[in-house]
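Listed below, chain by chain, are the residues.
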Amino acid sequence: MDDRGLLELIYRSRPGTIAELSTVAHLDESDVADGVLRLEAKGVLSVRDGMLSYPHPASWAAGVVGDHTRALRESSAQASAGIEGILAELPSMLRHWSVGELSGDLAPVFARHGPRAAEDLWYDVARETTASAWAVLPNVERYLASDPERAARFAEAFSRKESVRALLPKSVLTDPRLVEMSERYASSGVEFRLSDDLPSWLWIDGDTLALPFEWGEGWPTSVLGVRNTALAAMGRSLFDQLWRRSEPIGIAVHPWTPLLRLMRQGITLDSASRTLGMNPRTGRRRVAAAMDHYGVSTLFALGVAWAAEADQLG
């Protein structure tokens with residue numbers, strides 16, 4: 001009898017001792033004892049002073065899931081810490097390898113300096129044709145105080161991407177300019193979340209990863225960008241871990257929300273996309289993402305589901 005069959009027999013017959021279980025199972029007591037030891041190691045029963053006890057399967061399953069969940073969190077935290085450690089060392093290694101722009105490099109490196117370096121690097125080297133741009137911004141003072149013209153240029157560039165996400169510090173909640181900044185970029189589909197655990201300024205745009213010269217800076221004045229698919233993927237992995245642990249700002253604004261607001265007024269998808277300054281193909285991809293989100297297959301059903309949620313949220 002295998003361990004599963006033995007456990008099923010225990011649940012049915014509820015023996016109090018190994019001897020009783022041996023009798024019920026019609027097996028040698030030593031064989032039964034070996035099986036009980038294996039089941040005890042799995043945590044599904046326990047033996048004390050020769051007496052068997054076994055928790056309800058639901059309680060045992062909950063305990064095991066809890067253990068695995070804690071292990072997964074620890075593993076995730078360790079993985080994040082490992083990635084963060086590598087990224088912290090990367091700027092120094094890259095500076096020793098090559099500083100400046102070398103078009104022939106397998107991993108071209110770009111450096112920018114000055115009070116606007118963090119913005120200028122993205123605007124100078126990021127590719128507008130990439131699908132996503134994700135940023136960790138421990139210090140957003142300059143973004144909050146950004147002049148309207150510069151902010152409009154960023155918003156226009158963001159509107160052409162499928163996914164733009166930014167992680168901000170929770171302390172920004174007390175700044176009255178947050179609402180204005182959120183509204184400024186909401187029409188471009190930018191998603192914001194808050195966290196107290198932002199290790200350093202960085203961004204990932206397509207295959208380009210940007211880091212400060214000194215890891216941990218919230219608004220660096222010397223930054224490096226490296227165009228390398230593997231390094232960008234490592235940055236996205238860290239960002240994804242941080243994003244999962246973060247909190248939306250109030251009611252989450254999805255990238256498709258501005259589009260659906262216009263379409264609710266009777267404007268076609270392509271026209272709504274152009275009104276928001278994005279390519280209609282990008283607009284169609286955002287609507288497709290909305291359909292997946294709401295589990296619908298037609299524009300009419302999407303409108304109904306989205307409107308119902310919007311009305312419920314007030």
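Preceding block: the structure.
Reading the values: rules and limits
Residues numbered from 1 in each chain as written. Predicted model: local features only at pLDDT ≥ 70, side-chain atom pairs only at ≥ 80, totals over all residues. Heavy atoms only, no water. Buried < 20%, exposed > 50% of the residue type's maximum accessible area, 1.4 Å probe, protein only. Helix = DSSP H or I, 4+ residues; strand = E, 2+ residues; numbered from the N terminus. Arc of directions from axis to C-beta. Contact = heavy atoms within 4.5 Å. Phe/Tyr/Trp six-rings, centres within 6.5 Å; stacked < 30°, edge-to-face > 60°. Axes fitted to C-alpha atoms, helices over the stretch in contact; angles between N-to-C directions. Parallel < 35°, antiparallel > 145°, perpendicular 65-115°, else oblique. Pairing = 2+ DSSP bridges. Core = buried A, V, L, I, M, F, W, Y, C linked by side-chain atoms within 4.5 Å.

Q: Before we move on, can you summarise helix H2 (residues 18-25) with the specific residues and values?
A: Taken as a whole, H2 has its buried residues at Ile18, Leu21, Ser22 and Ala25. Across the axial projection of H2, the buried residues extend over an arc of 105°, all falling on one side. Where H2 is buried, its residues touch helix H1 (3-13), helix H3 (29-42) and strand S2 (51-53).

Q: Describe the packing of aromatic side chains, naming the residues involved and giving the relevant values.
A: What the rule picks out here adds up to four aromatic pairs. Aromatic side chains tryptophan 122 and tyrosine 123 sit 6.3 Å apart centroid to centroid with 50° between the ring planes, which places their arrangement in the tilted category. Overall, tryptophan 122 belongs to the buried group, its relative accessible area being 9%. Between the aromatic rings of tryptophan 134 and phenylalanine 239, the centroid separation amounts to 5.0 Å while the plane-to-plane angle is 25°, which identifies the pairing as stacked. One end of the pair, tryptophan 134, is in strand S4 (residues 132-136); the other, phenylalanine 239, is in helix H9 (residues 229-244), with 105 residues separating them in the sequence. Given the relative accessible area of 15%, tryptophan 134 is considered buried. Members of the aromatic cluster, each reached through a chain of ring pairs, are Trp134, Phe239 and Trp243.

Q: Residues and numbers for the packing of H1 against H2, please.
A: With their axes 11 Å apart at the nearest point, H1 and H2 run at an angle of 105° to one another. Comparing the axis directions of H1 and H2 gives the class roughly perpendicular. Residue-level inspection shows Leu6, Leu9, Ile10 and Ser13 of H1 in contact with H2, the latter providing Leu21, Val24 and Ala25.

Q: Any chance you could break down the sheet that holds strand S8 (residues 208-212) for me, citing the residues and the numbers?
A: Ordered in space as S3-S9-S8-S7-S4-S5-S6-S10, the eight strands form an open sheet in which the pairing is mixed. The open sheet terminates on both sides in strands that have one partner only, identified here as strand S3 (109-113) and strand S10 (247-248). Direction of pairing for strand S6 (residues 190-195) relative to S10: antiparallel, over a ladder of two bridges. The residue of S10 that forms the bridge with leucine 194 is glutamate 247.

Q: Can you lay out the nonpolar core for me, pointing to particular residues and giving the numbers?
A: Judged by nonpolar contacts, the single largest core of 32 residues is most densely connected at Trp122, Leu137, Leu168, Met181, Phe192 and Trp203. Elements with a minimum of two residues in this core: helix H5 (117-125), S4, helix H6 (141-144), helix H7 (148-158), strand S5 (163-169), helix H8 (177-186) and S6. Tallying contributions element by element places H5 first for this core, with five residues. For tryptophan 203, the residues in contact, after removing those within four places along its chain, are Ala118, Leu121, Trp122, Val125, Ala126, Trp134, Ala135, Thr208, Leu209 and Ala210. Counting residues in each nonpolar core, the second largest holds 23 residues, with Ala111, Val136, Trp215 and Met234 among its members.

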